[in-house]
Amino acid sequence: GQSLEQPSEVTAVEGAIVQINCTYQTSGFYGLSWYQQHDGGAPTFLSYNALDGLEETGRFSSFLSRSDSYGYLLLQELQMKDSASYFCAVGDNAGNMLTFGGGTRLMVKP
Amino acid sequence: DGGITQSPKYLFRKEGQNVTLSCEQNLNHDAMYWYRQDPGQGLRLIYYSQIVNDFQKGDIAEGYSVSREKKESFPLTVTSAQKNPTAFYLCASTPLGATNEKLFFGSGTQLSVL
């Protein structure tokens, strides 16, 4: 089976940089994904790492180290609208289903 | 516009009653999923389907049932056997083989018990 761990809550100020970590245990690995969810809303896809290294998309970057079973999401130039929950997720052996972590609630303060 | 439509947005269930949550997509995606989310928690997989007339149990399938008679539709029934059904239910879809890369989610249905 799969399990993922991420911090439950992170607080940062507007304009700062924040890193949300995710460690995972899987019987097979098919990439690490990140999703953002605002309160009461649907999760939206942010990024996907299949290989080691850093992927950058605007203010957001995601990193993966398969040897360490570890990844992180980096948010730069934080804005108030970034206040949301962020979930990491990994695929099963066959790539048929995603297992999500418990989520990290990010609060951005002025 | 292409997307995933879930209805209703809010649903109330009486004790002993079965209720059905609707999920329709016009993205021409083969794979569809149902997740349950409890307050402050992550998403847990209930059922998924990769092809019409076939579906698989996820981690928490007990007390739920699904059907996949059409590619576009994947309704979820919360049966009376599900003793704690109050939660936010999310439907998702993706092209076959792209599950790990990107799921597209509907706006969700909040189910509460009267």
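If you're wondering where the values come from, they're calculated on a predicted model, not measured in any experiment.

**Observations regarding the overall build of chain B**
Helix and strand content of chain B: 0 helices and 11 strands. Mapped in sequence order, the helices and strands of chain B form the string β-β-β-β-β-β-β-β-β-β-β. Here the C-alpha atoms of chain B give a radius of gyration of 13 Å, agreeing with the 13 Å that 2.2 N^0.38 yields for 114 residues. Overall, chain B is about 40 × 25 × 25 Å in size when its C-alpha atoms are taken along their principal axes.

**Concerning the pattern of salt bridges**
All chains considered together, the criterion is met by 6 salt bridges over all chains. Here A:Asp39 makes a salt bridge to A:Arg105, at a shortest N to O gap of 2.8 Å. Residue A:Asp39 is found in the loop between strand E4 (32–37) and strand E5 (44–49), and its partner A:Arg105 is found in strand E11 (residues 104–109); the two are separated by 66 residues along the sequence. A salt bridge links B:Asp30 to B:Lys71, with the nearest nitrogen and oxygen atoms 3.5 Å apart. Taken as a pair, B:Asp30 in the loop between strand E3 (19–25) and strand E4 (31–37) and B:Lys71 in the loop between strand E7 (64–66) and strand E8 (76–78) lie far apart in primary sequence, 41 residues in all. A relative accessible area of 29% means that B:Asp30 is categorised as partly exposed. Look at the salt bridges and you will find they share partners, linking B:Arg36, B:Asp38 and B:Arg44 into a network.

**Let's talk about the packing of aromatic side chains**
The final tally for this structure, using the stated rule, is 13 aromatic pairs over all chains. Here the aromatic rings of A:Tyr35 and B:Phe105 are separated by 5.9 Å at their centres, their planes lie at 85°, and the arrangement is edge-to-face. Remark: B:Phe105 occurs in strand E10 (residues 104–105) and A:Tyr35 occurs in strand E4; the pair is interchain, linking two chains. Ring centres 6.3 Å apart and planes at 70° place the aromatic pair A:Phe100 and B:Phe105 in the edge-to-face group. Taken as a pair, A:Phe100 in strand E10 (residues 98–100) and B:Phe105 in strand E10 lie in two separate chains rather than in one. What makes B:Phe105 buried here is its relative accessible area of 12%. An aromatic cluster of at least three residues, connected via ring pairs, comprises A:Tyr35, A:Phe45, A:Phe100, B:Tyr33, B:Tyr35, B:Tyr48 and B:Phe105.

**Some thoughts on the interface of chain A and chain B**
On the side of chain B, 21 residues touch chain A, which itself brings 21 residues to the contact. Carbon and sulfur atoms make up 56% of the area that chain A and chain B hide from each other, which totals about 1,600 Å². Considering only the surface of chain A that becomes buried against chain B, A:Asn96, A:Met97 and A:Phe100 emerge as the three largest contributors, covering 31% of it. Our count for the contact surface shared by chain A and chain B stands at 0 salt bridges. Linking chain A with chain B are 4 residue pairs in polar contact (both at pLDDT 80 or more). Sorting the residues of the side of chain A that touches chain B by element identifies E4, E5, strand E9 (84–91) and E10 of chain A as the ones contributing at least two each.

**Topic: the sheet that holds E3(B)**
Residues and elements named next belong to chain B. Taken in spatial order, the 4 strands make up an open sheet running E1-E3-E8-E7, and their pairing is antiparallel. Each end of this open sheet is capped by a strand with a single partner; those strands are strand E1 (4–7) and E7. Shown here is a sheet whose adjacent strand axes are inclined to one another by a mean of 20°, direction ignored. Sheet topology note: the E3/E8 ladder contains 3 bridges and is antiparallel. Bridge pairing in E8 links Thr20 to Thr77.

**Description of the sheet that holds strand E3 (residues 18–25) of chain A**
Residues and elements named next belong to chain A. Here 5 strands make up an open sheet; going across it, the order is E1-E3-E8-E7-E6 and the pairing antiparallel. Where the open sheet ends on each side, the last strands, each with one partner, are strand E1 (3–5) and strand E6 (53–57). Ignoring strand direction, the axes of neighbouring strands in this sheet form an average angle of 20°. Here E3 pairs with strand E8 (residues 70–75) via 6 bridges, running antiparallel. Within E8, the residue paired with Gln19 across the bridge is Leu74.

Rules of the game
- Residues numbered from 1 in each chain as written.
- Chains lettered and ligands numbered in written order.
- Predicted model: local features only at pLDDT ≥ 70, side-chain atom pairs only at ≥ 80, totals over all residues.
- Heavy atoms only, no water.
- Helix = DSSP H or I, 4+ residues; strand = E, 2+ residues; numbered from the N terminus.
- Rg over C-alpha atoms; globule rule 2.2 N^0.38 Å.
- Salt bridge = Lys/Arg side-chain N within 4 Å of Asp/Glu carboxyl O.
- Buried < 20%, exposed > 50% of the residue type's maximum accessible area, 1.4 Å probe, protein only.
- Phe/Tyr/Trp six-rings, centres within 6.5 Å; stacked < 30°, edge-to-face > 60°.
- Contact = heavy atoms within 4.5 Å.
- Buried area = accessible area lost by both parts, 1.4 Å probe.
- Polar contact = N/O pair within 3.5 Å; in protein donor to acceptor, adjacent residues only side chain to side chain.
- Pairing = 2+ DSSP bridges.
- Axes fitted to C-alpha atoms, helices over the stretch in contact; angles between N-to-C directions.

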